[in-house]
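Descriptive analysis of the structure
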Amino acid sequence: MLTVAYGEATMDRSNVYGWYKMFSEGRKDVNDEERAGRTSTSTTDEKINEVGKMILANRRITVREVAEDLNITIGSCHSIFINDLGMRRVAANFVPKLLNCDQKQHRMNIANEMLDSVRDDPNLLQRVITDQAPMDDLKLLIINLSAEVNRLGEKMDARLLNIEQKMEVWERRMAGIETSMASCTDALATNTRLISHNTLKIRNLEERAEALERRARENNLIIYGIESAETDSRELLLQKVKKLMAEDMQITDDVVIAECHRLGRGPKAPILIEVPDHESRISLLKNSFKLRMLNTFMSRDYSPQIREQRKILIEKRKELYKKGIGSKLRDNKLLLNGINYMVVEGQVMNAKGELI
């Protein structure tokens with residue numbers, strides 16, 4: 001009878017006799033009795049839930065990583081995956097054989113919701129489509145929905161056509177704008193070339209003008225420190241200058257002075273003199289150091305640009321002097337250790353671009 005009822009799951013004869021004996025002796029519990037030995041700590045409900053959460057969080061996690069994180073053996077992990085969670089490894093992912101625990105729980109939740117709905121509304125099952133009349137209503141509803149969808153589709157097609165037409169208009173406008181931009185770019189390139197050419201011409205003219213100004217001032221000298229008088233005329237200024245040259249500068253040769261006049265007004269306005277040649281100018285400058293005791297000095301007639309450069313070089317020379325470094329100022333150049341330094345964009349540097 002047991003074989004007919006349970007088939008292959010039928011308990012063997014010895015176990016049947018054993019259980020019969022235990023029940024005959026008064027046993028009433030069919031569960032195994034507790035026995036001595038170590039209880040399993042790897043396959044508890046808590047461990048099974050933790051393993052399930054880790055698998056759902058990362059399908060690519062390995063058995064070894066799960067075992068190390070939960071501090072259980074790899075064999076216990078395999079047992080939990082296969083026997084408790086019903087999962088197996090496919091293409092490096094754990095997937096359920098049929099339904100995993102989450103899917104089973106989801107189906108149970110849906111079933112409970114359906115049961116709750118039936119309890120709340122006993123007529124729910126009566127509204128389920130089981131005959132032809134509701135099917136006709138459904139077909140009519142589908143036809144109406146199809147007509148509405150077609151109507152909406154036609155409206156959308158009209159809108160899309162309108163949008164396409166507007167896009168064509170905008171594309172033509174953009175093409176016109178691109179053509180205009182190309183023309184503007186060509187014109188800008190042409191103007192840039194003209195500006196570069198004109199800039200070069202202006203620079204050449206400025207250099208020529210500066211060269212002409214230097215040539216015009218080449219034989220000019222300026223004397224500072226001679227007192228002014230209301231009766232000063234060209235002849236009186238010429239007498240003062242020649243007296244200064246003969247007595248204070250001790251120049252015996254008669255220096256020809258082509259021009260002599262004051263620059264501006266004031267008690268000691270500078271006097272500009274013009275000598276006829278380069279040799280006369282050099283001779284006067286070599287003897288100009290003798291005027292220092294009189295608080296009078298003589299210098300060349302520099303252009304405004306060179307005067308600004310000399311101001312910067314004089315300040316730099318003072319800084320070097322305070323550090324105990326000697327230098328010489330020659331026109332618009334500062335000689336330091338045999339190297340000439342000039343002012344370029346407000347900075348004092350040599351020909352290699354090295355600053356002092």
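Note that this is a predicted model, so its numbers are computed, not measured.

1. Considering the environment of Tyr-341
As for its placement among the helices and strands, Tyr-341 is situated in strand E9 (residues 339-344). Tyr-341 gets classed as buried once you look at its relative accessible area, which sits at 8%. With twelve residues separating them in the primary sequence, Tyr-341 and Leu-329 have C-alpha atoms 9.7 Å apart. Not counting residues within four places of it along the chain, the set of residues in contact with Tyr-341 comprises Leu-313, Asn-332, Lys-333, Leu-334, Leu-336, Val-348, Met-349, Asn-350, Glu-354, Leu-355 and Ile-356.

2. Thoughts on the packing of aromatic side chains
Across all of its chains, the model carries two aromatic pairs by this definition. Residues Tyr-224 and Phe-297 carry aromatic rings whose centres are separated by 4.8 Å and whose planes lie at 15° to one another, so their mutual orientation is stacked. Pair noted here: Tyr-224 is in strand E3 (residues 220-224) and Phe-297 is in strand E6 (residues 297-300), with a separation of 73 residues, a long-range link. Overall, Tyr-224 belongs to the partly exposed group, its relative accessible area being 26%. When its relative accessible area of 46% is taken as the criterion, Phe-297 is described as partly exposed.

3. Here's the deal with the UniProt feature "coiled-coil region" (unreviewed entry) in the protein
Residues annotated by UniProt as "coiled-coil region" (unreviewed entry) correspond here to residues 195-222. Secondary structure across residues 195-222 divides into 82% helix and 11% strand, with the first and last C-alpha atoms of the span separated by 40 Å.

4. Some remarks on the sheet that holds strand E5 (residues 271-274)
Taken together, four strands build an open sheet; the order of strands is E4-E5-E3-E6 and the sheet is antiparallel. Of all strands in the sheet, those with a lone pairing partner are strand E4 (259-262) and E6, marking the two edges. Strand-to-strand, the axes of this sheet are offset by a mean angle of 20°, without reference to chain direction. Pairing between E4 and E5: four bridges, direction antiparallel.

5. Overview of helix H8 (residues 234-248)
The end-to-end C-alpha distance of H8, which contains 15 residues, comes to 20 Å, matching closely the 21 Å that a straight helix rising 1.5 Å per residue would cover. Residues of H8 that are buried include every one of Leu-237, Leu-238, Val-241, Leu-244 and Met-245, and no others. With its buried residues spanning 125° around the axis, H8 presents them on a single face. Exposed residues pointing more than 90 degrees away from the buried face of H8 are listed as Glu-235, Gln-239 and Glu-247. At its buried positions, H8 is contacted by E3, E4, E5 and helix H9 (278-286).

6. Remarks on the packing of helix H4 (residues 63-70) against helix H5 (residues 74-84)
Each pair of packed helices gets described by two things: the angle between the helix axes and the distance between those axes. At a minimum axis distance of 9 Å, the contact between H4 and H5 shows a crossing angle of 110°. When the axes of H4 and H5 are compared, the pair comes out roughly perpendicular. Crossing of H4 over H5 shows right-handed handedness. Where H4 approaches H5, its residues Val-63, Arg-64, Val-66 and Ala-67 are matched on the opposing element by Ile-74, Cys-77, His-78 and Phe-81. Broken down by class, the residue content of the contact of H4 with H5 amounts to six nonpolar, one polar and one charged.

7. Let's talk about the nonpolar core
One finds Val-241, Met-245, Cys-260, Ile-273 and Leu-284 to be the most contacted residues of the largest nonpolar core, which totals 19 residues. Elements represented by at least two residues in this core include exactly E3, H8 and E5. The biggest single contributor to this core is H8, with five residues. Among residues more than four places away in sequence, those in contact with Val-241 are Ile-223, Ile-257, Cys-260, Ile-271 and Ile-273. Counting residues in each nonpolar core, the second largest holds 15 residues, with Met-54, Ile-61, Phe-81 and Leu-85 among its members.

8. Considering the packing of helix H3 (residues 45-57) against H4
Where H3 meets H4, the closest approach of the two axes is 11 Å, and the angle between their N-to-C directions is 135°. In terms of orientation, H3 and H4 fall into the oblique class. The chirality of how H3 crosses H4 is right-handed. Residues Lys-47, Glu-50, Val-51 and Met-54 of H3 touch H4, and the partners they reach there are Val-66, Asp-69 and Leu-70. Residue classes in the contact of H3 with H4 are distributed as four nonpolar, no polar and three charged.

9. Notes on the layout of surface pockets
Its volume calculated, the largest pocket comes out at about 850 Å³. In this structure, the largest pocket is lined by 23 residues; those nearest its centre are Met-298, Ser-299, Arg-300, Tyr-302 and Arg-310. Among the elements that make up the lining of the largest pocket, the one with the highest residue count is helix H10 (residues 304-322) (five residues). Looking at the lining of the second largest pocket, its residues break down into two nonpolar, two polar and six charged.

10. Some words on the pattern of salt bridges
Applying the stated criterion across every chain, the model contains eleven salt bridges. Taking the shortest distance from any N to any O, the salt bridge between Glu-210 and Arg-214 comes out at 3.3 Å. In this pair, Glu-210 and Arg-214 are both assigned in helix H7 (residues 132-217), four residues apart and thus about one turn of the helix distant. The salt bridge involving Arg-262 is made with Asp-232; its shortest N-O contact spans 3.3 Å. Pair noted here: Arg-262 is in strand E4 and Asp-232 is in the loop between E3 and H8, with a separation of 30 residues, a long-range link. Take Arg-262: its relative accessible area is 17%, and that puts it in the buried class.

The rules behind the values
Residues numbered from 1 in each chain as written. Predicted model: local features only at pLDDT ≥ 70, side-chain atom pairs only at ≥ 80, totals over all residues. Heavy atoms only, no water. Helix = DSSP H or I, 4+ residues; strand = E, 2+ residues; numbered from the N terminus. Buried < 20%, exposed > 50% of the residue type's maximum accessible area, 1.4 Å probe, protein only. Contact = heavy atoms within 4.5 Å. Phe/Tyr/Trp six-rings, centres within 6.5 Å; stacked < 30°, edge-to-face > 60°. UniProt positions renumbered as here; feature names shortened; annotations may be inferred. Pairing = 2+ DSSP bridges. Axes fitted to C-alpha atoms, helices over the stretch in contact; angles between N-to-C directions. Expected span 1.5 Å × (residues − 1). Arc of directions from axis to C-beta. Parallel < 35°, antiparallel > 145°, perpendicular 65-115°, else oblique. Left-handed = near helix turned anticlockwise from the far one by under 90°. Nonpolar A, V, L, I, M, F, W, Y, C, P; charged D, E, K, R; others polar. Core = buried A, V, L, I, M, F, W, Y, C linked by side-chain atoms within 4.5 Å. 1 Å grid on protein atoms, 1.4 Å probe; cavity = no way out; pocket = protein on both sides within 12 Å on 5 of 7 lines; lining within 4 Å. Points joined across faces, edges and corners; volume = space filled by probe spheres on them. Salt bridge = Lys/Arg side-chain N within 4 Å of Asp/Glu carboxyl O.

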